[in-house]
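# Breakdown of the fold
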Amino acid sequence: GAVRGAAGGRVKVGVFAAGIDVPKTETRHTVLIENADELLNFSKGEEALMEEIVDAIVASGVNVAVSGNAIGELAQHYLDRAGIMCVKVPSKFDLRRLCRLTGATPLTRLGAPTADELGECARVRVDEIGSTPVTVFEAGGAAGGAGGGPPPPGR
């Protein structure tokens, strides 16, 4: 996305395991659109729904939205407009590590996370290592990292 970092106080992280996109129905339908006005009204409904979802995410205080799956173009547009950084983490193992670091709960639903489901970290930024862009989540804070979760096994 257009937002390349988040800092300032504690960064609130929302983790969406199922991806961030317009909800799709499970059944297949055929829509017959007979004129341009019907086409405009059809897409306005999806836009209104996505804007409502992003507004709820913004109201919950999220600064960084992490997706375990795809981030739709419409969702990306509204998240960028709201100043929320988007990160796609396709590996479920990396998503678990990120949740452990931040103390976030991965959500299978798309909507505003509760305060208990949000994670925190000191700073999130995009750096380059060599010529590869890398997203860095800085735990910061007291020894043992942020998130308040249990220490890793064996420690």
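Whatever comes next refers back to the structure up there.
Residues take numbers from 1 onward in each chain, read along the sequence in its written order. Local features are withheld for residues below a pLDDT of 70 in this predicted model, meaning they are given only at 70 or higher, and side-chain atom pairs are given and counted only at 80 or more; totals for whole chains, interfaces and linings count all residues. Hydrogens are left out, water is left out, and the side-chain values use all remaining heavy atoms of the structure.

Scanning the protein from N- to C-terminus turns up three helices and seven strands. Runs of H or I in DSSP of at least four residues are treated as helices and runs of E of at least two as strands, each being numbered from the N terminus. Its helices and strands in sequence order give the protein the pattern β-β-α-β-α-β-α-β-β-β, from N to C terminus. Accessibility here uses a 1.4 Å probe with only protein chains present; expressed as a share of the type maximum, an area under 20% marks a residue as buried, one over 50% as exposed, and anything in between as partly exposed. Out of the 155 residues in the protein, the part that is buried amounts to 30%. The contact rule is simple, with two residues in contact once any of their heavy atoms fall within 4.5 Å. For the protein, restricting intrachain contacts to residue pairs at least 6 apart in sequence, the fraction spanning at least 24 positions comes to 68%. Here the accessible surface of atoms and residues is derived via Shrake-Rupley with a 1.4 Å probe, and residues count as covered only by protein chains that are part of the display. Accessible area of the protein: about 9600 Å², with a carbon and sulfur share of 52%.

Direction of pairing for strand E3 (residues 64-67) relative to strand E4 (residues 85-88): parallel, over a ladder of four bridges. Within E4, the residue paired with Ala65 across the bridge is Cys86. A clockwise course of the path from the first strand over the helix to the second, judged with the strands pointing away from the viewer, identifies a crossover as right-handed. Handedness of the crossover joining E3 and E4 through helix H2 (residues 73-82): right-handed. Note: two strands are recorded as paired if DSSP finds a minimum of 2 bridges between them.

Here Val134 is to be found in strand E7 (residues 132-138). If we ignore the near neighbours within four places in the chain, the residues touching Val134 are Arg125, Val126, Asp127 and Ile129.

With that settled, consider the sheet that holds strand E5 (residues 119-121). Pairing in this open sheet of four strands is mixed, and the strands run E4-E3-E2-E5 from one edge to the other. Here the strands that pair on one side only, and so sit at the sheet edges, are E4 and E5. For this sheet, the mean inter-axis angle between neighbouring strands, taken without regard to orientation, is 30°. Note: strand E2 (residues 11-16) against E3, four bridges, orientation parallel. By the bridge assignment for E3, Phe16 is matched with Ser67. Axis lines are fitted through C-alpha atoms, for helices just across the contact stretch, and the angle between N-to-C directions can take any value from 0 to 180 degrees.

Interaxial distance between helix H1 (residues 36-59) and H2 falls to 10 Å at its minimum, and their mutual angle equals 40°. The angle between H1 and H2 falls in the class oblique. Note that H1 runs across H2; the crossing there is right-handed. Contacts between H1 and H2 pair Glu46, Glu47, Met50, Glu51, Val54 and Val58 from the former with Leu74, Ala75, Tyr78, Leu79, Arg81 and Ala82 from the latter. When residues are grouped by polarity, Ala, Val, Leu, Ile, Met, Phe, Trp, Tyr, Cys and Pro land in nonpolar, Asp, Glu, Lys and Arg in charged, and all others, Gly among them, in polar. For the contact of H1 with H2, the per-class residue count stands at eight nonpolar, no polar and four charged. An angle below 35 degrees is treated as roughly parallel, one above 145 as roughly antiparallel, one from 65 to 115 as roughly perpendicular, and anything else as oblique. Crossing handedness follows the turn of the near helix against the far one: under a right angle anticlockwise gives a left-handed crossing, and clockwise gives a right-handed one.

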